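The lines below spell out each chain.
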Amino acid sequence: MITAEHVSQAETDYLAQLEKAARRFDNRAAQREETLQTIESRGVLYADEPARVKKRLARLNADWSLAKAIEQIPTEPATTTGSTLPLSPEVFGADVLGLERLMGRNNLTGVAFLEGGYLAARSIGRVCVRSPEGGHYGTGFMVSPSLLMTNNHVLRSLEEASHAVVEFNFQAGVDGRPLDPVTFKIEPQNFFATDRDLDFTVVAVAERNQQGARLADFDWLPLDGAQGKAILGEFVNIIQHPNGEPKQLALRENQIVDLLDRFVHYATDTAPGSSGSPVFNDQWEVVALHHSAVPKTDADGRPLAVDGTPWRPGMGEHRLAWKANEGVRISRVLQALSRFTLTGNAARLRDELFQPPGTPPRGEGAPQTAAAARPGADGFGPAGSAPLTSATAVGLTVPLRITVGVDMPTPDRPGPDRTSGARSLPTVTSAAVLPRAERAAGSSAVADAAEQDLAAALLNLRLGETRAYYVREDDRAARDAYYADIDADSDGETLRRALTALLEETHGPRPSYKPARMLYPWVDLHPDRLLRSVYSGKTFTAEELIHADAAAEAARLRGLQEFLLREAAAGTDVIAAELDALEAALPFNCEHVVPQSWFAKREPMRGDLHHLFACEPECNSFRGNIPYTDFPGFDEAVREDCGMREKTGFEPEHSRGAVARATLYFLLRYPGAVGDGTTEFPADRLPILVQWHENEPVSEYELHRNAAIAAIQGNRNPLIDHPEWARSIDFSGVWP
């Protein structure tokens, strides 16, 4: 609620939101009328795009043919000439009624609906602001163990948020008496991200209040950016604090009447003043962030009050006359959040927000990963800027970074050493130190880790579906900022050293080797959103490789766990040998263009995305660890789909330019790391790489890869950004 004391900037901002919402609503009148007619005449399954309807049904585990039959049930006795499918009363079994309820097409529903709503409501609170400019209320809801989401026009700035609190349990109990509100201070100094156009703010909340109450006791609502949560014609539910009043619910009769690219319109009983409320489907998944009424307006387009006079914010939102409501699609909010450049604790807090549902909350195994690229190096703004509060943050699309695994250090095994030559091993404590019950628990933890890895990869894939594949203007700006201090006219040795220093300095987050997490869902996708084997060119969907690698990883972990249970006293070398055998037997669909054996599987080389490519195991095995070479008469030779191989070298069938640039990157980033073995890449093969690089120009696919990787791990491939440097760089110093 906006009070009379709070009418300066808030008045301007909120009026602007109302005007934009009204324009969007009015501009869609024809489409909305057609949608409503279709819902009335044919049913909800025919009002939306078929692809979106099928995703919705898949999310509900519903059958398409059954759903069509339901939507064709006649409201009157069917005739032989009717277009509906005549169904007898006995058709109305449990399956039909169950789908009716899932789609919101039947007023009968199970009591679990109420139980789910009760649990969801616990995470929703009243946001109270008492700033020098005036006081106002809104609604907010927890979206992670630490972060609260509301509207930008509720919390517009760090300063305003510093004067705010969130109150949970501001509601009546089952006996009708008010509960005691539990108040927590909002802490924008720990996290504050806002977007004025999408009208959202995400801010940190204190872990405990002054009375010692725990924020964790109020849980949080997981957010999912995938399609399939709601379609046109479905009904949504809103839990809110209208006009700053105690918590209330608007249930079921709130129909989605339009879906725009970033917004959703619904006819609802929500009172204006419920700004920042979550909009739920009937499964209590968050569909949208409620942010604005669609007001009734006069001939001049001015919002009207309930008495027909022009409305002003000083009257209070409860005096606004409205004809519909508008929410921001939660998938668009998540996309915007993923693009913010964050570092340190702020990045860790954002990562918690993107955890798959079911992962442990803060303090119980939550990921502790940095999620930031180099400030100013990825198109978000110059170094030293404050992108957290930017309302116009645009740039490269940033894949999510969700870290769940079994790599955490234990008392008897240190964590990965990124500076020494020691190889990182999965941390599975030796069975010799575990009681029998804990051994069983360890097996369960391994299975859980594999499942969480799979969930994270599929979440990344779904969130990537609506991202722009490659934004050339943003990437060029990021490229120019990245190399701003590089003197391209310096001599070859100086240029090489400067690039090596830059690549190492900006290689901030260093992901471990898990191709299913980021490589398949986003980094290695081609413009058609398919994966192609780097050597054979065969195409795969990202989902099939994600599932294949998840199965391989689960089998590896099970095999290693069983080995440790059998070999209780096994030492590190024995475990490493067993892991090597498991990896050979259960390979990933991924190729290191610089073979792992050349750098002893050390990190960060092993997980460096710049030299990882999708590749079916057959081609991976065919190449082995043989260095690249160029065969005379290659085009006329009889060869495998993957390429041509002899003892002296391997020439791929496809992607010679891409693998050359990836190898040259590796030589620059890790000078002295390869070339000291008889089978490793010899210096006399360098001209071959340069020739392949020049013969096959950089493609949009590689530009996308480079931008995506820069967003994840901070550094870029100079040979992709500046192909002309290949002849200027003196590579002679990269061999030991």
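In case you missed it, the structure is sitting above this.
These notes cover the structure that comes with them. This is a predicted model, so every value here is computed, not measured.

## Describing the overall build of the protein
Of regular secondary structure, the protein possesses 20 helices and 20 strands. For the protein, the proportion of its 736 residues judged to be buried stands at 55%. In the protein, once contacts between residues fewer than 6 apart in sequence are set aside, the share between residues at least 24 apart is 71%. Approximately 30600 Å² of the protein is accessible, and the part contributed by carbon and sulfur atoms is 52%.

## Observations concerning the state of the cysteines
One covalent bond between the sulfur atoms of two cysteine residues makes up a disulfide. Using the criterion set out here, one finds one disulfide in the structure. Across a sulfur-sulfur distance of 1.9 Å, Cys619 and Cys642 are joined as a disulfide pair. One quick way to see it: the torsion about the S-S bond of Cys619 and Cys642 is about -85 degrees, and its sign makes the bridge left-handed. Residue Cys619 is found in helix H16 (residues 617–623), and its partner Cys642 is found in the loop between H16 and strand S19 (643–646); the two are separated by 23 residues along the sequence. By the burial criterion, Cys619 is buried, and Cys642 matches it. Not part of a disulfide, Cys590 finds its nearest cysteine sulfur in Cys615, a span of 8.2 Å. Judged by relative accessible area, Cys590 falls into the buried class, the value being 3%. Of all cysteine sulfurs in the structure, the one in Cys619 sits closest to Cys615, which takes part in no disulfide; the separation is 5.0 Å.

## Side note on helix H12 (residues 492–505)
Given a rise of 1.5 Å per residue, 14 residues ought to cover 20 Å, and the 20 Å separating the end C-alpha atoms of H12 matches this to within 8%. Among the residues of H12, Gly492, Leu495, Arg496, Leu499, Thr500, Leu502 and Leu503 are the ones counted as buried. Within H12, the buried residues cover an arc of 165 degrees as seen down the axis, which keeps them to one side. Facing away from the buried side of H12 by more than 90 degrees, the exposed set consists of Arg497 and Glu505. Its buried side turned inward, H12 meets helix H11 (472–482), helix H17 (656–669) and helix H20 (718–721). With a side-chain oxygen lying 3.2 Å from the backbone nitrogen of Glu493, the N-terminal cap of H12 falls on Asp491.

## A word on the pairing of strand S7 (residues 200–204)
For S7, a buried count of five out of five residues is recorded, marking the element as mostly surrounded by other parts of the structure. Burial along S7 is two-sided: the residues Phe200, Val202 and Ala204 and Thr201 and Val203 are all buried. Bridge count for strand S3 (residues 147–150) against S7 is four bridges, and the pairing is antiparallel. Among the inter-strand pairings, Met149 is bridged to a residue of S7, identified as Val202. Looking at chain direction, strand S6 (residues 192–195) and S7 are connected through four bridges and run antiparallel. Its bridge partner being in S7, Phe192 is matched across the sheet by Val203. With antiparallel pairing between neighbouring strands as the criterion, S6 and S7 make up a hairpin whose turn holds four residues, including Asp199 at a positive phi of roughly 55 degrees.

## Side note on the pattern of salt bridges
One pass over the full model with this rule turns up 30 salt bridges. A salt bridge links Arg462 to Asp224, with the nearest nitrogen and oxygen atoms 3.5 Å apart. Here Arg462, found in helix H10 (residues 436–464), pairs with Asp224, found in the loop between S7 and strand S8 (237–240); they are 238 residues apart in sequence, far enough to count as distant. Taking the relative accessible area as the measure of exposure, Arg462 reaches 29% and is therefore partly exposed. Residue classification places Asp224 among the buried residues on the basis of a relative accessible area of 13%. The structure contains a network of salt bridges with shared partners spanning Arg556, Asp580, Glu583, Lys601 and Arg606.

## Topic: the environment of Phe563
Mapped onto the elements of the fold, Phe563 is located in helix H14 (residues 542–566). Residues Phe563 and Leu579, 16 residues apart in the sequence, show an inter-C-alpha distance of 9.6 Å. Every residue in contact with Phe563, bar those within four places of it in the chain, is listed here: Ala570, Val574, Ile575 and Glu578.

## Considerations on the packing of H14 against helix H15 (residues 572–585)
Two elements in contact, H14 and H15, have axes whose closest approach is 10 Å; the angle formed by their N-to-C orientations is 145 degrees. Pair H14 / H15 crosses with right-handed handedness. Here Arg556, Gly559, Leu560, Phe563 and Leu564 of H14 come into contact with H15, specifically with Val574, Ile575, Glu578, Leu579, Leu582 and Glu583. Here the contact of H14 with H15 is composed, by residue class, of seven nonpolar, one polar and three charged.

## A short note on the sheet that holds strand S12 (residues 278–280)
If you trace the seven strands from one edge of the open sheet to the other, you get S9-S8-S12-S13-S14-S11-S10, paired in antiparallel fashion. Here the strands that pair on one side only, and so sit at the sheet edges, are strand S9 (248–250) and strand S10 (255–259). Neighbour to neighbour, the strand axes of the sheet diverge by 35 degrees on average, direction disregarded. The sheet contact formed by S8 and S12 spans two bridges and is antiparallel. When the bridges of S12 are listed, Asn237 appears paired with Phe280.

## A short note on the nonpolar core
In this structure, Leu499, Tyr520, Tyr535, Val593, Tyr628, Phe666 and Phe731 are the most contacted members of the largest nonpolar core, which totals 80 residues. For this core, the element with the most residues is H17, which contributes nine residues. If sequence neighbours within four positions are ignored, Leu499 has contacts with Tyr483, Ile486, Leu668, Pro718, Trp725 and Ile729. Counting 38 residues, the second largest nonpolar core, distinct from the first, contains Phe280, Trp284, Ala336 and Leu459.

Calculation criteria
Residues numbered from 1 in each chain as written. Predicted model: local features only at pLDDT ≥ 70, side-chain atom pairs only at ≥ 80, totals over all residues. Heavy atoms only, no water. Helix = DSSP H or I, 4+ residues; strand = E, 2+ residues; numbered from the N terminus. Buried < 20%, exposed > 50% of the residue type's maximum accessible area, 1.4 Å probe, protein only. Contact = heavy atoms within 4.5 Å. Areas by Shrake-Rupley, 256 points an atom, 1.4 Å probe, with all protein chains shown as cover. Disulfide = S-S within 2.5 Å. Expected span 1.5 Å × (residues − 1). Arc of directions from axis to C-beta. Polar contact = N/O pair within 3.5 Å; in protein donor to acceptor, adjacent residues only side chain to side chain. Pairing = 2+ DSSP bridges. Salt bridge = Lys/Arg side-chain N within 4 Å of Asp/Glu carboxyl O. Axes fitted to C-alpha atoms, helices over the stretch in contact; angles between N-to-C directions. Left-handed = near helix turned anticlockwise from the far one by under 90°. Nonpolar A, V, L, I, M, F, W, Y, C, P; charged D, E, K, R; others polar. Core = buried A, V, L, I, M, F, W, Y, C linked by side-chain atoms within 4.5 Å.

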